[in-house]
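Structural overview
As a plain string of letters, each chain reads:
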Amino acid sequence: MADNARAKRLADLIREVVAQKLQRGIKDPRLGSHVTITDTRVTGDLREATVFYTVYGDDEERKAAAAGLESAKGILRSEVGRAAGVKFTPTLSFVADALPDTARTIEDLLDKARQSDAKVREASAGAAYAGDADPYRKPGEEADDEAETDDAAE
């Protein structure tokens, strides 16, 4: 089993090689400039690599890019093997990265929270405190509290 540093270096190399090959070497129109390689992970035995990618476009373009990456898998693997110089070239699997969708969901939730905060701020604009404005005791007020409790006890 390889060490983690070697797996990390190989993952970085795979990410760079695949990104460069997609940009310059693959003539598939489905893999235009709208495919971005975001991350690569390699298993501990250096046998399998997972390449995460994003596609800027609609669902049809994402499906076309997935099919294009699947058809170019052999070319990309041979290019990785040539650049890496390892005994066994890892098999490549391409996975659509969920990061843009997750970021969009988080942004939507933050917008809802901002709107809710604005509604609460508007509702509390003319409101008064239920008790004192400052509910905390101050150092000089302790004698007043003790006098009130003594009067109540008698």
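As annotated in an unreviewed UniProt entry, the protein chain carries the name Ribosome-binding factor A and is attributed to Streptomyces brasiliensis. Taken from UniProt, the Function (unreviewed entry) comment for the protein chain reads in full: "One of several proteins that assist in the late maturation steps of the functional core of the 30S ribosomal subunit. Associates with free 30S ribosomal subunits (but not with 30S subunits that are part of 70S ribosomes or polysomes). Required for efficient processing of 16S rRNA. May interact with the 5'-terminal helix region of 16S rRNA." In its Sequence similarities (unreviewed entry) section, the UniProt entry covering the protein chain states "Belongs to the RbfA family."

Moving on to the sheet that holds strand E3 (residues 91-96). Spatially, E1-E2-E3 is the arrangement adopted by the three strands of the open sheet, whose pairing is mixed. Sheet topology places strand E1 (35-42) and E3 at the edges, where each strand pairs with a single neighbour. The sheet shows a mean angle of 25 degrees between the axes of neighbouring strands, direction not considered. Across six bridges, strand E2 (residues 48-55) lies against E3 in parallel orientation. For phenylalanine 52, the partnering residue across the bridge sits in E3 and is valine 95.

In low-pLDDT regions, the fine details of the predicted coordinates are not to be read closely. Per-residue pLDDT for the protein chain averages 83, and the proportion of residues at 70 or more is 90%. When pLDDT is averaged over each element of the protein chain, E2 comes out on top at 91 and helix H5 (residues 142-153) at the bottom at 56.

On inspection of all chains with the given rule, the structure shows zero aromatic pairs. Over the ring of phenylalanine 88 we find arginine 47, and its NZ or CZ is 4.2 Å from the ring centre. Across from the ring centre of phenylalanine 88, 5.5 Å away, lies the NZ or CZ of arginine 77, which sits over that ring.

Quick look at the pairing of E1 now. In the sheet, E1 pairs with E2 via seven bridges, with the strands oriented antiparallel. For aspartate 39, the partnering residue across the bridge sits in E2 and is phenylalanine 52.

Unusually for a residue other than glycine, leucine 46 sits at a positive phi of about 60 degrees. Take leucine 46: it is sitting in the loop between E1 and E2. With relative accessibility at 10%, the residue leucine 46 sits in the buried group.

By size, the foremost hydrophobic cluster in this structure holds 24 residues, and its most contacted members are Ile14, Val18, Leu22, Leu76, Leu92 and Phe94. At the level of elements, helix H1 (4-25), E1, E2, helix H2 (59-71), helix H3 (73-84) and E3 are the ones that each hand at least two residues to this core. Sort the elements by how many residues they give to this core and H1 lands first, with seven residues.

This paragraph deals with the environment of glycine 25. Looking at where glycine 25 falls in the secondary structure, it is placed in helix H1. On the accessibility criterion, glycine 25 (32% relative accessible area) is partly exposed. Sequence-wise, glycine 25 and leucine 76 are 51 residues apart; in three dimensions their C-alpha atoms are separated by 9.4 Å.

Within the secondary structure layout, threonine 40 lies in strand E1. Here threonine 40 falls in the buried class, since its relative accessible area comes to 5%. The contact partners of threonine 40, leaving out residues within four places of it in the chain, are Ala11, Ile14, Arg15, Thr50 and Val51.

Within the element layout of this structure, glycine 57 appears in the loop between E2 and H2. Separated by 23 residues in sequence, glycine 57 and histidine 34 have C-alpha atoms that sit 7.5 Å apart.

Cut-offs applied
Residues numbered from 1 in each chain as written. Predicted model: local features only at pLDDT ≥ 70, side-chain atom pairs only at ≥ 80, totals over all residues. Heavy atoms only, no water. UniProt positions renumbered as here; feature names shortened; annotations may be inferred. Pairing = 2+ DSSP bridges. Helix = DSSP H or I, 4+ residues; strand = E, 2+ residues; numbered from the N terminus. Axes fitted to C-alpha atoms, helices over the stretch in contact; angles between N-to-C directions. pLDDT = per-residue confidence, 0-100. Phe/Tyr/Trp six-rings, centres within 6.5 Å; stacked < 30°, edge-to-face > 60°. Lys NZ or Arg CZ within 6 Å of the ring centre and 35° of its normal. Buried < 20%, exposed > 50% of the residue type's maximum accessible area, 1.4 Å probe, protein only. Core = buried A, V, L, I, M, F, W, Y, C linked by side-chain atoms within 4.5 Å. Contact = heavy atoms within 4.5 Å.

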